[in-house]
Amino acid sequence: MTSGFWRKNGVSHGVRILATTNFAPVWRALRARPRVSELVNRWLINSLIYTMPTRTGALSTMQEWISWESLHDREFSQRHLPPLPSCPADLPAPATVAQLFARPGTQCPQSPKSTLLFPIFAQWFVDGFLRTDPCNDKRNTSTHDIDLSQLYGQTSDVTRLLREGAGGRLKSQRIRGREFPPYLCDPHGTVKPEFEGLHTEFRGRDVKAEGGGRVPDELKPKLFALGIPRGNIHYGFVMMSTLFLREHNRIAGLISERHPDWTDNQVFDTTRNTLTVVLLNIVIEDYINHITPIKFPLFVKPGIGAKERWYRQNWMSVEFNLLYRWHSLVPTEVTVGGQQRRFADMWWDTRPVTEHGLSALFDEASRQPCSTIALGNTDPSLLAIEEKSIRIGRDTRLQPYNAYRELCGFPALTTIDDLTSDRRMREQLTACYGTDGTDGMDRVELFVGLFAEDIRRGSTLPPLMSAMVAVDAFSQALTNPLLDPGVYRGATFSTAGCEVIDSTTTLSDVVLRNISGEAYAPRVSLERHGRHPS
């Protein structure tokens with residue numbers, strides 16, 4: 001082990017990293033013993049969450065001081081560290097810093113670990129709860145909960161627009177015998193009266209939507225009625241929402257069959273409860289286990305945090321919002337329907353989903369690699385979003401990268417050479433933030449530093465990003481009220497719902513039971529070299 005490893009990680013982090021990312025046979029043996037595995041699972045999750053101080057609600061983007069309103073108004077984002085007194089005046093312009101993220105051509109490094117399905121699922125998942133108000137960087141439009149708002153919307157009014165009104169089902173349509181969400185517009189591109197109130201884009205200046213251009217008139221008739229703005233932004237988002245719509249209606253059918261005396265509302269609510277926990281299972285047992293290099297497969301245990309300090313009401317932080325902007329994972333070109341296409345040419349185009357079907361698209365996404373998280377690796381079509389992210393960090397006066405390293409228990413880095421092994425990127429960072437090593441590191445902004453770090457072998461994320469994702473991901477997912485010991489019971493999900501929850505640990509489980517009539521059983525995996533589902 002090199003001295004650089006200990007210098008960058010410190011003793012405490014270094015020992016934990018070495019212990020949890022090696023000795024796979026030992027961890028597998030512990031996982032195989034039910035009572036022991038619960039203790040190990042709890043210990044590992046707590047150790048990851050307690051990397052940072054637990055949420056207290058003391059700090060938000062509302063103002064610099066604490067007030068009754070700032071402790072309760074969740075229209076503003078929470079924050080982990082207090083704001084800087086002022087943003088350093090001599091930092092380079094955001095547009096200049098954004099060039100650090102620019103991919104020089106169409107070729108991009110392939111992830112040794114992850115498939116294209118990984119960023120597709122990641123964006124669809126986090127767009128349900130990380131939602132910056134485009135008119136005010138300090139505000140958000142989130143419910144702060146993992147609640148499948150992508151499918152159900154964020155308000156009861158929107159949910160009602162999307163419900164069929166019978167059997168607990170969501171509205172859907174059949175195209176070539178397959179189930180899809182209903183179209184939002186008529187053949188002329190005018191929103192149907194039944195969906196007045198649904199928004200395709202955020203109100204105000206939506207940088208992500210503008211990056212792909214406004215919805216072309218010829219594509220408006222093919223937009224689907226979905227729960228949140230941007231739900232149609234690209235085919236990957238739509239294929240995920242279509243999958244979960246099918247699973248909702250499938251579960252509703254199972255529950256209705258067992259309980260013919262139940263009302264539409266009771267079936268719908270029980271189905272939604274069930275599907276939300278299904279998603280939580282997938283997030284922890286498939287998605288998070290893919291992200292982390294830990295050799296012990298983590299799992300959902302209802303009530304695991306009920307007696308812990310981190311068991312608090314969810315409140316998304318501005319830092320979490322920024323560190324989850326994984327645009328560099330998206331290749332410039334992807335294979336869709338057997339054809340090589342520029343991803344930037346497919347904004348707002350839902351037609352691949354209806355033309356090729358879920359089975360073929362999930363298979364294709366699981367057989368091609370995504371790119372890697374890094375500076376110098378964002379497609380030009382997404383650079384405006386990186387620039388906006390830098391502006392958000394400055395508007396909220398976030399402390400620099402090194403301050404967050406220390407908050408997470410990592411040693412502060414003293415030179416840019418310690419930040420990245422990429423010589424070209426070190427030169428660009430030095431030119432951007434200063435020539436003196438120590439001073440340069442103190443000036444590196446959080447958003448830039450997160451993406452500049454080298455990725456450890458076996459991981460998908462750089463070290464500080466990985467630590468901060470784990471803190472918020474576990475403490476936000478495992479505090480879901482449906483996992484509370486007093487709520488997690490048969491009456492909340494029904495017997496049929498409990499059977500679905502117990503039979504679901506991966507995204508593949510959901511896909512394979514919702515592609516009846518499609519050509520073949522696809523490979524569905526976030527892992528490039530993962531086992532084909534049996």
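Procedures and definitions
- Residues numbered from 1 in each chain as written.
- Predicted model: local features only at pLDDT ≥ 70, side-chain atom pairs only at ≥ 80, totals over all residues.
- Heavy atoms only, no water.
- Core = buried A, V, L, I, M, F, W, Y, C linked by side-chain atoms within 4.5 Å.
- Buried < 20%, exposed > 50% of the residue type's maximum accessible area, 1.4 Å probe, protein only.
- Helix = DSSP H or I, 4+ residues; strand = E, 2+ residues; numbered from the N terminus.
- Contact = heavy atoms within 4.5 Å.
- Phe/Tyr/Trp six-rings, centres within 6.5 Å; stacked < 30°, edge-to-face > 60°.
- Lys NZ or Arg CZ within 6 Å of the ring centre and 35° of its normal.
- Patch = residues over 30% accessible without salt bridge, like charges linked within 9 Å, V, L, I, M, F, W, Y side chains within 5 Å.
- Areas by Shrake-Rupley, 256 points an atom, 1.4 Å probe, with all protein chains shown as cover.
- Salt bridge = Lys/Arg side-chain N within 4 Å of Asp/Glu carboxyl O.
- Disulfide = S-S within 2.5 Å.
- Axes fitted to C-alpha atoms, helices over the stretch in contact; angles between N-to-C directions.
- Parallel < 35°, antiparallel > 145°, perpendicular 65-115°, else oblique.
- Nonpolar A, V, L, I, M, F, W, Y, C, P; charged D, E, K, R; others polar.
- Pairing = 2+ DSSP bridges.

**Looking at the nonpolar core**
(1) Moving on: Of all hydrophobic cores here, the largest spans 153 residues; its most connected members are Phe125, Tyr235, Phe244, Tyr287, Trp326 and Leu507.
(2) Moving on: It is helix α10 (residues 264-291) that contributes the most residues to this core, 13 residues altogether.
(3) Moving on: Excluding residues within four positions of it along the chain, Leu507 makes contact with Leu117, Phe121, Met240, Leu243, Phe244, Ile282, Asp286, Phe362 and Val524.

**Comments concerning the packing of aromatic side chains**
Any aromatic ring pair is given by two values, namely how distant the centres are and how the planes are angled relative to each other.
(1) Moving on: Taken as a whole and judged by the stated rule, the model has 21 aromatic pairs.
(2) Moving on: Between the aromatic rings of Tyr183 and Phe224, the centroid separation amounts to 5.1 Å while the plane-to-plane angle is 10°, which identifies the pairing as stacked. Separated by 41 residues along the polypeptide, Tyr183 in the loop between β2 (178-180) and α8 (207-211) and Phe224 in the loop between α8 and α9 (235-258) bring together distant segments of the chain. Both residues of the pair, Tyr183 and Phe224, count as buried.
(3) Moving on: A network of ring pairs unites the aromatic residues Phe118, Phe121, Trp124, Phe125, Phe129, Phe244, Tyr287, Phe320, Tyr324 and Trp326 as a single cluster.
(4) Moving on: Of note, Arg163 hangs over the ring of Phe268, and the distance from its end group to the ring centre comes to 4.1 Å.
(5) Moving on: The ring centre of Phe180 lies 5.1 Å from the NZ or CZ of Arg246, which sits over that ring.

**Brief notes about a nonpolar patch on the surface**
(1) Moving on: Side chains of Trp6, Val11 and Val15 sit close together on the surface and give an oily, nonpolar patch of about 280 Å² of accessible area.
(2) Moving on: On the secondary structure map, Val15 appears in helix α1 (residues 3-20).

**So, the state of the cysteines**
Any covalent bond linking the sulfur atoms of two cysteines counts as a disulfide.
(1) Moving on: Applying the stated criterion across every chain, the model contains zero disulfides.
(2) Moving on: The thiol of Cys87 is not disulfide-bonded; the next cysteine sulfur, from Cys432, is found 12 Å away.
(3) Moving on: Residue classification places Cys87 among the partly exposed positions, given a relative accessible area of 29%.
(4) Moving on: Unpaired in this structure, Cys370 has its nearest cysteine sulfur neighbour in Cys108, at a distance of 8.9 Å.

**Focus: the packing of helix α3 (residues 34-49) against helix α18 (residues 463-477)**
(1) Moving on: Taken N-terminus to C-terminus, the directions of α3 and α18 make an angle of 120°; their axes are 8 Å apart at the nearest point. When the interaxial angle is binned, α3 and α18 end up oblique. Together, Ile45, Leu48 and Ile49 of α3 and Ala470, Val471, Phe474 and Ser475 of α18 make up the contact between the two elements.
(2) Moving on: Here the contact of α3 with α18 is composed, by residue class, of six nonpolar, one polar and no charged.

**Some words on the pairing of strand β4 (residues 339-342)**
(1) Moving on: Two elements, strand β3 (residues 333-336) and β4, share four bridges in a ladder whose sense is antiparallel. Bridge assignment links Val336 to a residue of β4, and that residue is Gln339.
(2) Moving on: Linking two consecutive strands that pair antiparallel, namely β3 and β4, is a turn of two residues; a positive phi of about 60° is found at Gly337 within it.

**Thoughts on the side chain of Arg405**
(1) Moving on: Its place among the elements puts Arg405 in helix α14 (residues 401-407).
(2) Moving on: The class of Arg405 is buried, set by a relative accessible area of 2%.
(3) Moving on: Ignoring anything within four residues of it in the chain, the contact list for Arg405 reads Lys8, Phe410, Pro411, Ala412, Leu413, Glu453 and Leu464.

**Brief notes about the environment of Arg457**
(1) Moving on: Take Arg457: it is sitting in the loop between α17 (446-452) and α18.
(2) Moving on: Sequence separation of Arg457 and Pro112 is 345 residues, and the distance between their C-alpha atoms is 9.7 Å.

**A look at the environment of Leu71**
(1) Moving on: As for its placement among the helices and strands, Leu71 is situated in the loop between α3 and α4 (94-98).
(2) Moving on: Take Leu71: its relative accessible area is 32%, and that puts it in the partly exposed class.
(3) Moving on: Sequence separation between Leu71 and Leu329 is 258 residues; the distance between their C-alpha atoms is 35 Å.

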